[in-house]
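Structure at a glance
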Amino acid sequence: MTKIIIHSLLTAAVLTSAVATADENDYYKLSTVNFPKELKLEVSGMAALPGDRMAIAIRKGEIWIAEKLSTEKPEYKKFASGLHEPLGLAYHNGDLYTVQRTELTRLRDTDEDGQADEYLTHAKGWGVTGNYHEYAYGPAIDATGNLWVALNSSIGKGYKSNNKWRGWSLRVKPDGSWTPMTGGFRSPSGIGTNLNGDVFVTDQQGNWFPTCPLMHLKKGTFHGHADSLPFTKLPEATFKVDGELPTNLTVSQAAKRIPAYQLPAVWFPYRKMGMSTTDILADSTQGKFGPFAGQLFCGEFTMSFVSRVFLEKVEGEYQGACFRFRDGLDCAALRLQWGTDGSMYIGQSNRGWNSLGTRSYGLQRLQWTGKLPFEIKEMSAQKNGFRLTFTQPVDAASVTNPKNFTMTSYTYPYHSNYGGEPVDIKTHLVKVLEKNVNLREVHLVIDEMRPGYVYELQSSGVRNSKGQTLLHSAAYYTLNRVPK
């Protein structure tokens, strides 16, 4: 029965994606990048290099350099091999860095022959027991040049003397010394930064995570997963959690009871916004990729798409909204990276888990066609509702009609069970402040702003000045703090 249900859900998602892709392709063209048939391009990391080149890590422990990437016949050359499951890649100060299971490795090509001749241990010392769930992800480079690593928990295997810091983030200084910074991950598949150099991680729905989150890594923060808590007893720990975790609470209630627990900046509602969120990529293209400069894009594994995230700071903390962006990939979107022309490269592999699509691995390129999509560009919190900013001038009659907006809010259970459905669902009365309506903005006033809740907006009745509907009419705002 379970397999039938899963198959039905994925089939429905395929049909939805097929319809969406026909419109999305008008604005963002998706193409498959060629590579040799003998190269099993199970992409696990990508780093943009000077020129039309990309360094690509693959699951089997190799790194390849792809040249002439934007042409029909890219050229591939092996740069490094013999690595142990590299799950990330970064180009930093002229060298490549990747995280293997047991270390952060610096790779150097000292004789400039196109192949690495130095494999240097830059940082090591976290716990590894051989448990297959003990993945290590990264690095991400913060604003001051530190390298961040995110460690998978041992998934229910408990504390062992040699699995220290599982489920934690580590900040590695330029000299290779490192410090644990935050704890509470399950499986932090994506790690990246915004344009300010602040570090974020995505995690996977499962125990203690009712759905996939996007979390800001700030020293001393507990993200929610209990498997990391034994390490808070170590002297290097940056936070403590006294006693047992409370039970029978929502995440909103738990955040009030557990001082170190920080709610995610964004929750990705299950199925509506994917089932397994992966990589994080900030739009640094300065408009080459369209109207979303500065925002984040995230990969989705199971449902094979790319989502978009708008973030803002309220009372000094990040929160914001997520949107669907581009469906219909060949398979799971595991890694994202920019090309020199502002196109997005999507590294793919469905290794270990099923995903939508016709292939098992590969590389695709997403290019903005230059045609401006009609989208909700930003959804920002106000003290009495939300302000929507659109990418195109709107039809005043459609955005001042409150019947064209539906708003519901809900939160999630905080528990050790696998996943969790939305709870405490409420439909809100929506009013529109007509005096605030201009060609691209509207202020929606609602009857209650509940911190710790996701606000789901449906706005299919909104039109632009040409009478066209929104390309994606749903938005999901995670409200952790209400502006004063």
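Preceding block: the structure.
Quick look at the structure, then. It should be emphasised that the depicted structure is a prediction, and the values quoted were computed from it without experimental measurement.

How each quantity is defined
- Residues numbered from 1 in each chain as written.
- Predicted model: local features only at pLDDT ≥ 70, side-chain atom pairs only at ≥ 80, totals over all residues.
- Heavy atoms only, no water.
- Helix = DSSP H or I, 4+ residues; strand = E, 2+ residues; numbered from the N terminus.
- Rg over C-alpha atoms; globule rule 2.2 N^0.38 Å.
- Buried < 20%, exposed > 50% of the residue type's maximum accessible area, 1.4 Å probe, protein only.
- Contact = heavy atoms within 4.5 Å.
- Areas by Shrake-Rupley, 256 points an atom, 1.4 Å probe, with all protein chains shown as cover.
- Pairing = 2+ DSSP bridges.
- Axes fitted to C-alpha atoms, helices over the stretch in contact; angles between N-to-C directions.
- Phe/Tyr/Trp six-rings, centres within 6.5 Å; stacked < 30°, edge-to-face > 60°.
- Core = buried A, V, L, I, M, F, W, Y, C linked by side-chain atoms within 4.5 Å.
- Salt bridge = Lys/Arg side-chain N within 4 Å of Asp/Glu carboxyl O.

1. Here we look at the overall build of the protein
When its secondary structure is counted, the protein shows 3 helices and 34 strands. For 484 residues, the compact-globule estimate of 2.2 N^0.38 gives 23 Å, and the C-alpha radius of gyration of the protein, at 22 Å, lies within 12% of that figure. Taken along the three principal axes of its C-alpha coordinates, the protein extends 65 × 60 × 50 Å. For the protein, the proportion of its 484 residues judged to be buried stands at 59%. For the protein, contacts bridging at least 24 residues in sequence account for 60% of all contacts bridging at least 6. Summed over its atoms, the accessible surface of the protein is roughly 19800 Å², and 48% of this surface lies on carbon and sulfur atoms.

2. Here's the deal with the sheet that holds strand β6 (residues 90-92)
Taking strand neighbours across the sheet as the criterion, the 4 strands line up as β6-β7-β8-β9 in an open arrangement whose pairing is antiparallel. The strands lining the two open edges of the sheet, one partner per strand, are β6 and β9 (118-124). Neighbour to neighbour, the strand axes of the sheet diverge by 30° on average, direction disregarded. Bridge count between strand β8 (residues 103-108) and β9: 6 bridges; the pairing is antiparallel. Bridged to T105 within β9 is T121.

3. Remarks on the packing of aromatic side chains
Enumeration according to the criterion identifies 25 aromatic pairs in this entry. Look at W126 and W178: their rings are 6.5 Å apart centre to centre, the planes differ by 65°, and that puts the pair in the edge-to-face class. Of this pair, W126 sits in the loop between β9 and β10 (136-141) while W178 is found in strand β13 (residues 178-183), placing the two residues 52 residues apart along the sequence. By relative accessible area, W126 is classed as buried at 6%. Residue classification places W178 among the partly exposed positions, given a relative accessible area of 22%. With a centroid separation of 5.6 Å and an interplanar angle of 50°, the aromatic rings of W267 and Y412 are classed as tilted. Of this pair, W267 sits in strand β18 (residues 266-268) while Y412 sits in the loop between β28 (406-411) and β29 (413-414), and the two are 145 residues apart along the sequence. Relative accessible area serves as the criterion here: at 2%, W267 is assigned to the buried category. On the accessibility criterion, Y412 (2% relative accessible area) is buried.

4. Let's talk about the nonpolar core
Counting residues in each nonpolar core, the largest one holds 65 residues, and the members touching the most others are L214, F222, F268, V309, L311 and Y414. Broken down by element, this core gets its largest block of residues, 5 residues, from strand β11 (residues 147-151). Once residues lying within four places of it in the same chain are set aside, the contact partners of F268 are T211, C212, P213, L214, M273, T277, C298, S307, V309 and C322. M379, F386, I446 and Y477 belong to the second-largest nonpolar core, a separate cluster that totals 29 residues.

5. Comments concerning the environment of G220
Secondary-structure assignment places G220 in the loop between β16 (212-216) and β17 (249-250). Along the chain, G220 and W208 lie 12 residues apart, while their C-alpha atoms are 19 Å from each other. Excluding its chain neighbours within four sequence positions, the residues that come into contact with G220 are M181, T238, F239 and A260.

6. A word on the sheet that holds strand β25 (residues 361-368)
Backbone-to-backbone hydrogen bonds join strands into a sheet, with any given pair of strands oriented parallel or antiparallel. A sheet is described by the order of its strands in space; here 4 strands give the open sequence β1-β25-β24-β23, paired in antiparallel fashion. A strand with exactly one partner marks an edge of an open sheet, and here the two such strands are β1 (28-32) and β23 (333-338). In this sheet, adjacent strand axes meet at a mean angle of 25° when their direction is disregarded.

7. Observations regarding unusual backbone geometry
Residue P139 follows G138 across a cis peptide bond; omega there is 10°. Assignment of secondary structure puts P139 in strand β10. If you check the backbone angles, E315 has positive phi at about 55° while not being a glycine. Along the chain, E315 turns up in the loop between β21 (305-314) and β22 (317-326). Overall, the relative accessible area of 47% leaves E315 in the partly exposed class.

8. Here's the deal with the pattern of salt bridges
Applying the stated rule across the entire model yields 16 salt bridges. Across the salt bridge formed by K218 and E317, the nearest N and O atoms sit 2.4 Å from each other. In this pair, K218 is assigned in the loop between β16 and β17 and E317 in strand β22, connecting sequence segments 99 residues apart. Exposure remark for K218: the relative accessible area of 31% places this residue in the partly exposed category. Judged by its relative accessible area of 16%, E317 falls in the buried class. Measuring nitrogen to oxygen at the nearest pair gives 2.7 Å for the salt bridge that ties K272 to E456.

9. Focus on the side chain of Q295
Structurally, Q295 is set in the loop between β19 (277-282) and β20 (296-300). In this structure Q295 comes out as buried when scored by relative accessible area, which is 5%. Once residues lying within four places of it in the same chain are set aside, the contact partners of Q295 are L281, A282, D283, R308, V309, F310, K377 and E378.

10. Topic: the environment of A116
In this structure, A116 sits in the loop between β8 and β9. Residue class for A116 comes out buried when judged on its relative accessible area of 13%. Between the C-alpha atom of A116 and that of T358, which follows or precedes it by 242 residues, the distance is 34 Å. Non-local contacts of A116, meaning those with residues more than four positions away in its chain, are made with F79, A80, L107, R108 and D109.

11. Re the pairing of β22
Most of β22 sits inside the fold, with 10 of its 10 residues counted as buried. Strand direction decides the pairing type here: β21 and β22, joined by 9 bridges, are antiparallel. Looking at β22, one finds that S307 is bridged to R324. What sits between β21 and β22 in their antiparallel hairpin is a turn of 2 residues, with E315 showing a positive phi close to 55°. Of the pairings in the sheet, the one linking β22 to strand β34 (residues 474-479) comprises 3 bridges and is antiparallel in character. Counted as the bridge partner of G320 is T478 from β34.

No statement about biological role is implied by the geometric values presented.
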